[in-house]
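Descriptive analysis of the structure
One-letter residues, chain by chain:
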Amino acid sequence: MTDQAEPATTEAPQTIVSSWNEWDPLKHVIVGRADGGCIPAPEPALDAKVPEDSDMRGQYGPRPQETVDRANALLDNFASMLEKRGVIVDRPTPLDFNQPTATPDWETETMFGCMPPRDVLLTVGKEMLEATMSYRCRWFEYLCYRPLLQRYYMEDPKMRHESAPKPRLTNADYRPDYLSEKIGEQKRLEWTADKYFVTTEEEPLFDAADVLRFGKDLVVQHGFTTNLKGIDWLQRHYPDHRVHAVNFPGDPYPIHIDATFTPLRPGLILNNPQRRLPDDQRAMFEKNGWEIVDAAQPAHNAPPPLCYSSVWLSMNVLVLDPKTVCVEKTEVYQAEQMDKLGMNVLEVELRDAYAFGGGLHCCTADVYREGSCEDYFPKQ
Ligand code: DAV
């Protein structure tokens, strides 16, 4: 008995890193954790993003333990649901986020957490890239993913592990106009429509969640967390891709593209009806026969307590393959629309985890999807 070979099924699966888009069949993913999640201390970029009427203004530090436990229970359930469908799931290694961090340029009282790997990690083909990030409280967040990335690097001899240049994040990165307590929604809408965002062009800045992958084309939101230099950096970094800057007037707090523009399969994208893609930026999609459809209304009037994100996390779905999509369980209108669009909907309970960094797309990062790099927009 003892010299019998182990059955092949108990062997750890060999990691392969590869993902070119947001919809090909998902086989390996990272799902975040809520452990130790903090409301970050005040800092320039964050103050511009926390909604003016938010219950988070004026407080920071660890989030209540019962909310951490609840969020972790939901994230664990989501992870095991994916595993039951044959998806390999890995989890990050949290830091003690409730400690001060510093560089020679700044100090901050707390970090953020590791619930949304999508914000930090950008997988394009065989490369996983750590984004620069644009908040001081998130500068060190990549460390939570290093154990996984180092393992992938060892297990897949063709995987490329890259890190974008760490930014200085001095005050020169942020427009002082945005630091005022009361700007008002009207002024914010004017500024964001004029592409006058909180981040300056001091140095390249981007969060990975501002990038959508469409094979040979990368669509990147210019907003609070990604500046034009960041988009230019991405174009130089991916010389074989076409990188497109987009912006979405109508969003007073434009961070991350994944509650605004949601590709479901080749030819079909949902767009937030309050943040429509401007006409001049639609040409590439229209010329190539892609349909941009208004997303259904969110089921909620307000985000859950202590949450940065808007009610439009309704659109923050995870596509498992071109016919299957995970939608948050309470987002009944979004689920109904998906069904009408011919998608099979898997309901996933996650709302009580939103405050830790977002929805189903935010709390995941691709390691492997089937498929290869296709050109979906041959007419440019
Ligand atoms: O609408 O608040 C949330 C995106 C989180 N990754 C919003 C954007």
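Data block above holds the structure.
**Side note on the overall build of the chain**
Looking only at helices and strands, the chain features seven helices and 19 strands. Over its C-alpha trace the chain gives a radius of gyration of 20 Å, about what one expects of a compact globule, namely 21 Å for 380 residues. With the C-alpha coordinates of the chain rotated into their principal frame, the extents come out at 75 × 50 × 40 Å. When each of the 380 residues of the chain is scored for burial, the buried share is 58%. Look at the contacts in the chain between residues 6 or more apart in sequence, and 75% of them connect residues 24 or more apart. Accessible surface for the chain amounts to roughly 15800 Å². Of this, 50% is attributable to carbon and sulfur atoms. Side chains of the chain give 40 positive and 60 negative charges; the mean places of these two sets differ by 3 Å.

**Details of the pairing of strand 12 (residues 242-246)**
Note: strand 11 (residues 217-221) against strand 12, five bridges, orientation parallel. Bridge assignment links Val219 to a residue of strand 12, and that residue is His244. At this point the chain moves from strand 11, through helix 5 (residues 228-237), to the parallel strand 12, and the crossover so formed is right-handed.

**Considerations on the pattern of salt bridges**
Counting across every chain of the model gives 22 salt bridges. In this structure, Arg91 and Asp76 form a salt bridge, with 3.0 Å as the shortest nitrogen-oxygen distance. A residue pair is termed long-range when its members are at least 10 positions apart, and Arg91 in the loop between strand 4 (88-90) and strand 5 (101-102) and Asp76 in helix 2 (residues 65-84) qualify at 15 residues. By relative accessible area, Asp76 is classed as partly exposed at 37%. Salt bridges here are not isolated pairs; linked through shared partners, they connect Glu22, Arg118, Arg213, Asp366 and Arg369.

**What about the packing of aromatic side chains?**
For the structure on display, the rule yields 20 aromatic pairs. Pairing Phe206 with Trp233 gives two aromatic rings, centres 5.8 Å apart and planes at 20°, and the pair type is stacked. Residue Phe206 is found in the loop between helix 4 (185-193) and strand 10 (211-214), and its partner Trp233 is found in helix 5; the two are separated by 27 residues along the sequence. On the basis of relative accessible area, Phe206 is assigned to the buried category, the value being 1%. Through pairs of rings, three or more aromatic residues link up here, namely Trp23, Phe214, Phe248, Phe261, Phe285, Trp290, Tyr376 and Phe377. Across from the ring centre of Phe356, 5.4 Å away, lies the NZ or CZ of Arg63, which sits over that ring. Looking at Lys166, its charged tip hangs above the ring of Trp139, at a distance of 4.6 Å from the centre.

**Looking at the site of the ligand**
As a matter of local geometry, the ligand sits amid Lys49, Ile255, His256, Asp258, Ala259, Arg275, Ser309, Ser310 and Cys362. At a separation of 3.0 Å, a nitrogen atom of the ligand approaches a polar side-chain atom of His256. In the model, a nitrogen atom of the ligand is placed 3.1 Å from a nitrogen or oxygen of the Asp258 side chain. In isolation the ligand exposes 280 Å². Once the protein is present, 97% of that is buried. Of the residues assigned to the shell around the ligand, the class counts are three nonpolar, three polar and three charged.

**Concerning the nonpolar core**
If you look at the biggest cluster of nonpolar residues, it comprises 59 residues, and the most contacted ones within it are Ile30, Met128, Tyr152 and Leu234. Those elements giving two or more residues to this core turn out to be strand 2 (38-39), helix 1 (44-49), strand 7 (121-124), strand 8 (127-130), helix 3 (146-155), strand 11, helix 5 and strand 19 (364-369). Other than its neighbours up to four places away in sequence, Leu234 contacts Leu122, Leu129, Phe206, Val211, Val220 and Val243.

**Points about the sheet that holds strand 8**
Spatially, three strands are ordered 7-8-9 in an open sheet, and the strand pairing comes out mixed. Among the strands making up the open sheet, the edge pair consists of strand 7 and strand 9 (160-163). Geometrically, the sheet is characterised by an average inter-axis angle of 20° between neighbouring strands, direction not taken into account. Of the strand pairs in this sheet, strand 8 and strand 9 are connected by four bridges, and their pairing is parallel. Counted as the bridge partner of Leu129 is Glu162 from strand 9. Together, strand 7, strand 8 and strand 9 form the strand contacts of helix 5, whose direction differs from that of strand 8 by roughly 155°.

**Describing helix 2**
Taking 1.5 Å of rise per residue, 20 residues should cover 28 Å, and helix 2 covers 28 Å from first to last C-alpha, within 8% of that figure. Burial in helix 2 covers these residues: Val68, Ala71, Asn72, Leu74, Leu75, Phe78, Ala79, Met81 and Leu82. Next to the buried residues of helix 2 lie strand 1 (26-31), strand 4, strand 16 (318-321), strand 17 (324-328), strand 18 (344-348) and strand 19. Just beyond helix 2, the residue with positive phi is Gly86, at close to 90°.

**A short note on the state of the cysteines**
Applying the stated rule across the entire model yields zero disulfides. Unpaired in terms of disulfides, Cys144 finds its nearest cysteine sulfur in Cys114, a separation of 4.3 Å. In this structure Cys363 is not part of a disulfide, and its nearest cysteine sulfur, from Cys362, lies 7.5 Å away. A relative accessible area of 0% places Cys363 in the buried class.

**Some words on the sheet that holds strand 4**
Spatial strand order, 4-1-19: three strands in an open sheet with mixed pairing. For this open sheet the edge positions go to strand 4 and strand 19, each flanked by a neighbour on one side alone. Put simply, the sheet's adjacent strands are angled 20° from each other on average, direction ignored. Inspection of the sheet shows strand 1 paired to strand 19 by five bridges, in the antiparallel sense. Considered in strand 19, the bridge of His28 is made with Tyr368. In this fold helix 2 packs onto strand 1, strand 4 and strand 19, with an angle of close to 165° to the strand it touches most, strand 1.

About the thresholds
Residues numbered from 1 in each chain as written. Predicted model: local features only at pLDDT ≥ 70, side-chain atom pairs only at ≥ 80, totals over all residues. Heavy atoms only, no water. Helix = DSSP H or I, 4+ residues; strand = E, 2+ residues; numbered from the N terminus. Rg over C-alpha atoms; globule rule 2.2 N^0.38 Å. Buried < 20%, exposed > 50% of the residue type's maximum accessible area, 1.4 Å probe, protein only. Contact = heavy atoms within 4.5 Å. Areas by Shrake-Rupley, 256 points an atom, 1.4 Å probe, with all protein chains shown as cover. Lys, Arg positive; Asp, Glu negative; His and termini not counted. Charge placed at Lys NZ, Arg CZ, Asp CG, Glu CD. Pairing = 2+ DSSP bridges. Right-handed = clockwise from strand over helix to strand, strands pointing away. Salt bridge = Lys/Arg side-chain N within 4 Å of Asp/Glu carboxyl O. Phe/Tyr/Trp six-rings, centres within 6.5 Å; stacked < 30°, edge-to-face > 60°. Lys NZ or Arg CZ within 6 Å of the ring centre and 35° of its normal. Near = heavy atom within 4 Å. Polar contact = N/O pair within 3.5 Å; in protein donor to acceptor, adjacent residues only side chain to side chain. Nonpolar A, V, L, I, M, F, W, Y, C, P; charged D, E, K, R; others polar. Core = buried A, V, L, I, M, F, W, Y, C linked by side-chain atoms within 4.5 Å. Axes fitted to C-alpha atoms, helices over the stretch in contact; angles between N-to-C directions. Expected span 1.5 Å × (residues − 1). Disulfide = S-S within 2.5 Å.

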